[in-house]
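# Architecture at a glance
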Amino acid sequence: MKKLFITDLDHTFLHSNQQVSKFSEQIWNEKSEHALLSVATARSFSKTQEFLKNLKLNHPLILLDGAMVATPEKKLISLNTLTKELSNAIIQESSSFGIYPYVIALNNKESLDESFDIPPILNRYQKFLIEEHYTSDKRIVHKDKIEGADDTLKLVYMGEESLLRPLSIHLKKVFGKQIEVKLSPENYMKCYFLTILHPLSDKAHALIKVHEYLNRDIKDTTVFGDSINDIAMFKLAGNAIAVANALDEVKREANVILKENNDEDAVAKYLQQHIKN
């Protein structure tokens, strides 16, 4: 039986320029004939398809930190979203800290169309991200007032750790088990991301859904990652592999720590060596 390999994208499989190298593309497409290859990413369906347009994608994708699991053909397997009421309450609480989130929402469950709503007040990190990476993104909607949606996939804050860590603690205290809170550093922008999700929206819960769909044993699965949102998945999978540039917290949960980083095609080199033709 073919084994399952699932990799994170940013800082793990993608190079730092947010592209798949020709080498990784070649190895992925070659090894996809001999193993089940997929991804588990914080990225949306549309961005994942954009990044991986030259790769053979035949198996369920874990998207938006685990809020969504869908096939490349847009068949929805699992979805966990925040309600509009809860999202608005979170936004209201965070406003007292002087920061507002991006709101990423699902607009259509058949087409998997998303919206990426931008608040009217942006800090320098938020502004830089939008101007550098999302100016031509068709999902972007600039709002006069930022609000939740009926199917809010996640709320995303960017800023200094000194602001976001107290905010994360406050939101956990106020909303408890109603939400999943993930705070992690963004090394390339030298800031932090704070992501608020449905409590079942993590890569571990999504990985279980993938195994149920594919009728595979978790013990036979290998996962790759670098950041905080990969840790729960690492604890669940049979084989957890951290790239060389992974956070120390992630490396502590890994079975294997690769010598190569994402810019050195760490994942592709592992696949090349461990998947037999």
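Each remark here, short or long, concerns the structure printed above.
Before going into details, it helps to say that this report is about the structure given with it. (Residues numbered from 1 in each chain as written. Predicted model: local features only at pLDDT ≥ 70, side-chain atom pairs only at ≥ 80, totals over all residues. Heavy atoms only, no water.)

## As for helix 1 (residues 22-31)
Among the residues making up helix 1, those that are buried are Ser24, Glu25, Ile27, Trp28, Asn29 and Lys31. Contacts from the buried residues of helix 1 go to strand 1 (4-7), strand 2 (36-39) and helix 9 (266-274). (Buried < 20%, exposed > 50% of the residue type's maximum accessible area, 1.4 Å probe, protein only. Helix = DSSP H or I, 4+ residues; strand = E, 2+ residues; numbered from the N terminus. Contact = heavy atoms within 4.5 Å.)

## What about the packing of aromatic side chains?
A complete count under the given rule lists 4 aromatic pairs for this structure. Ring geometry for Tyr102 against Phe116: centres 5.2 Å apart, planes inclined by 75°, an arrangement best described as edge-to-face. Separated by 14 residues along the polypeptide, Tyr102 in strand 6 (residues 102-106) and Phe116 in strand 7 (residues 114-118) bring together distant segments of the chain. According to the relative accessible area criterion, Tyr102 is buried, its value standing at 1%. Given a relative accessible area of 4%, Phe116 falls into the buried group. (Phe/Tyr/Trp six-rings, centres within 6.5 Å; stacked < 30°, edge-to-face > 60°.)

## Some remarks on the sheet that holds strand 9 (residues 152-159)
Pairing between sheet strands relies on hydrogen bonds along the backbone, with the strands arranged either parallel or antiparallel. Spatially, the 6 strands line up as an open sheet ordered 8-7-6-9-11-10, and their pairing is mixed. Looking along the sheet, the strands with just one partner apiece sit at the ends: strand 8 (140-142) and strand 10 (180-186). Strand-to-strand, the axes of this sheet are offset by a mean angle of 20°, without reference to chain direction. Judged from the 3 bridges that link them, strand 7 and strand 8 form a sheet pairing that is parallel. Counterpart to Asp117 in the pairing with strand 8 is Val141. Across the face of the sheet, helix 4 (residues 124-133) comes into contact with strand 6, strand 7, strand 8, strand 9 and strand 11 (191-197) while running at roughly 115° to strand 9. Packing of helix 5 (residues 161-175) onto the sheet brings it into contact with strand 9, strand 10 and strand 11, and relative to strand 11 it is tilted by some 20°. (Pairing = 2+ DSSP bridges. Axes fitted to C-alpha atoms, helices over the stretch in contact; angles between N-to-C directions.)

On their own, these measurements won't tell you what the molecule is for.
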